[in-house]
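# Structural overview for review
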Amino acid sequence: MSGAFLEVRDLYKNYGGIAATDHVDLDVRESELHAIIGPNGAGKTTLISQLSGEVPPDGGRVRFGGRDITTTPAYKRSLLGLARSFQITSLMLDMTVLENVALAVQAHAGHSFRFWRPARSETGLTGPAMEALAAVDLADRAHDVARAMSHGEHRQLEIAMALATRPKLLLLDEPMAGMGVEESQRMVEILRGLKGEKTMLLIEHDMDAVFTLADRISVLVYGRVIATGTPEEIRNDEAVRQAYLGDE
Ligand code: ATP
């Protein structure tokens, strides 16, 4: 046992003869920003879905905060503090930005929210929701309707929704996907602001962002971790250059 915050050992997922994750070992240390990179189809999304509990593994083990969560369902992992950032498809576009975040807090707390609409000043959810919005630079958009926001702002909002549940580990699945240069730069600044305060596992194709932000990087190729190290170590790793970075 490594004593890491998140320990993944020998994790395996087979899709019709293809090993999407092939005996993956991974340690995420408390407070680090750990990035996973790898070519298309390398198994990054499968891995993060196995960690969030949405995809059950065919083999291997996951420990989080010293506890074995290999068979723990997704909603319980979330209650233990393991949060995957929400997807744009889960946003309520006709509600305000603040209401979306408050809804995420409410849903996390396990209340039924089907017919719920927050009264802005009286819910008791406004404090944590506003804190989360401030952390992603959206505090001044709190009362705007979500539909009125740009793609980049929607992605910031997804992160606020995850942050508002006060996770111990934040799983970020391509937060910069589909963004222009300015939007990506803004996201880099937001993630930089969260560094040290939140433990983060980041999947991202934007290599400039990854190499700027990450404390450590693991490289996944054909479902296997071929290297883990600091950005400098990864940049200079011959196997990584040949299998991945050299192709760019
Ligand atoms: P990308 O960077 O393109 O998002 P990825 O690294 O996230 O790719 P995955 O989406 O995890 O890779 O896919 C890994 C492999 O598993 C691929 O060969 C993919 O076709 C396969 N795969 C993923 N999900 C499924 C599924 N639900 N059913 C069958 N095969 C799947």
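Residues numbered from 1 in each chain as written. Predicted model: local features only at pLDDT ≥ 70, side-chain atom pairs only at ≥ 80, totals over all residues. Heavy atoms only, no water.

Another point: the sheet that holds strand 4 (residues 59–64). The strand order 2-1-4-5 describes an open sheet built from four strands, whose pairing is antiparallel. The open sheet has two edge strands, strand 2 (18–28) and strand 5 (67–68), and neither has a second partner. Inspection of the sheet shows strand 4 paired to strand 5 by two bridges, in the antiparallel sense. Looking at the pairing, Arg-63 lines up with Asp-68 of strand 5. Lying over the sheet, helix 1 (residues 44–52) contacts strand 1 (6–15), strand 2 and strand 4, oriented at roughly 120° with respect to strand 1. (Pairing = 2+ DSSP bridges. Helix = DSSP H or I, 4+ residues; strand = E, 2+ residues; numbered from the N terminus. Contact = heavy atoms within 4.5 Å. Axes fitted to C-alpha atoms, helices over the stretch in contact; angles between N-to-C directions.)

Moving on, we come to the side chain of Glu-204. Within the fold, Glu-204 resides in the loop between strand 8 (199–203) and helix 7 (207–213). No salt bridge forms around the buried Glu-204; measuring N to O, its nearest opposite-charge neighbour Arg-155 is 7.0 Å away. A distance of 3.0 Å separates a polar side-chain atom of Glu-204 from the backbone nitrogen of Met-176. A distance of 3.1 Å separates the side chain of Glu-204 from the backbone nitrogen of Asp-206, its partner in a polar contact. (Buried < 20%, exposed > 50% of the residue type's maximum accessible area, 1.4 Å probe, protein only. Lys, Arg positive; Asp, Glu negative; His and termini not counted. Salt bridge = Lys/Arg side-chain N within 4 Å of Asp/Glu carboxyl O. Polar contact = N/O pair within 3.5 Å; in protein donor to acceptor, adjacent residues only side chain to side chain.)

Neighbouring the ligand are Tyr-15, Ala-20, Pro-39, Asn-40, Gly-41, Ala-42, Gly-43, Lys-44, Thr-45, Thr-46, Glu-174 and His-205. At 3.3 Å from an oxygen atom of the ligand is found a side-chain nitrogen or oxygen belonging to Asn-40. Side-chain polar atom of Thr-46 to an oxygen atom of the ligand: 2.6 Å apart, as the coordinates give it. Here the ligand has 640 Å² of accessible area as a free molecule, and 59% of this is covered by the chains. (Near = heavy atom within 4 Å. Areas by Shrake-Rupley, 256 points an atom, 1.4 Å probe, with all protein chains shown as cover.)

Note that strand 1 and strand 2 share eight bridges and pair antiparallel. Looking at the pairing, Asn-14 lines up with Ala-19 of strand 2.

Inspection of the secondary structure assignment puts His-34 in strand 3 (residues 33–37). Residue classification places His-34 among the buried residues on the basis of a relative accessible area of 0%. Of note is the side chain of His-34, whose polar atom sits 3.5 Å from the backbone oxygen of Asp-27. Once residues lying within four places of it in the same chain are set aside, the contact partners of His-34 are Leu-26, Asp-27, Val-28, Met-200, Leu-201, Leu-202, Arg-216, Ile-217, Ser-218 and Thr-228.

Looking now at helix 1. Buried residues dominate helix 1, accounting for eight of its nine residues. Along helix 1, the residues that are buried comprise Lys-44, Thr-46, Leu-47, Ile-48, Ser-49, Gln-50, Leu-51 and Ser-52. Just past helix 1, the residue Gly-53 takes up positive phi, approximately 95°.

Time to look at the packing of helix 4 (residues 126–135) against helix 5 (residues 151–163). Between helix 4 and helix 5, the shortest axis-to-axis distance is 8 Å and the interhelical angle comes to 135°. Compared by their axis directions, helix 4 and helix 5 come out oblique. Handedness of the helix 4/helix 5 crossing: right-handed. Residue-level inspection shows Ala-132, Leu-133 and Ala-135 of helix 4 in contact with helix 5, the latter providing Leu-157, Ala-160 and Leu-163. (Parallel < 35°, antiparallel > 145°, perpendicular 65-115°, else oblique. Left-handed = near helix turned anticlockwise from the far one by under 90°.)

Packing of helix 5 against helix 6 (residues 181–194) leaves a shortest axis separation of 9 Å and a crossing angle of 20°. In terms of their interaxial angle, helix 5 and helix 6 are classed as roughly parallel. For the element pair helix 5 and helix 6, the recorded crossing hand is right-handed. For the pair helix 5 and helix 6, the contacting residues are His-151, Gly-152, Glu-153, Arg-155, Gln-156, Ile-159 and Leu-163 in the first and Glu-183, Arg-186, Met-187, Ile-190, Leu-191 and Leu-194 in the second. Along the lines of polarity and charge, the residues of the contact of helix 5 with helix 6 split into six nonpolar, three polar and four charged. (Nonpolar A, V, L, I, M, F, W, Y, C, P; charged D, E, K, R; others polar.)

Quick look at unusual backbone geometry now. Notably, Glu-174 is not glycine yet its phi reads approximately 50°, a positive angle. Its place among the elements puts Glu-174 in the loop between strand 7 (169–173) and helix 6. Despite not being glycine, Tyr-222 has its phi angle at roughly 50°, a positive value. By the element assignment, Tyr-222 lies in the loop between strand 9 (216–221) and strand 10 (224–229). Classification of Tyr-222 by relative accessible area gives exposed; the value is 71%.

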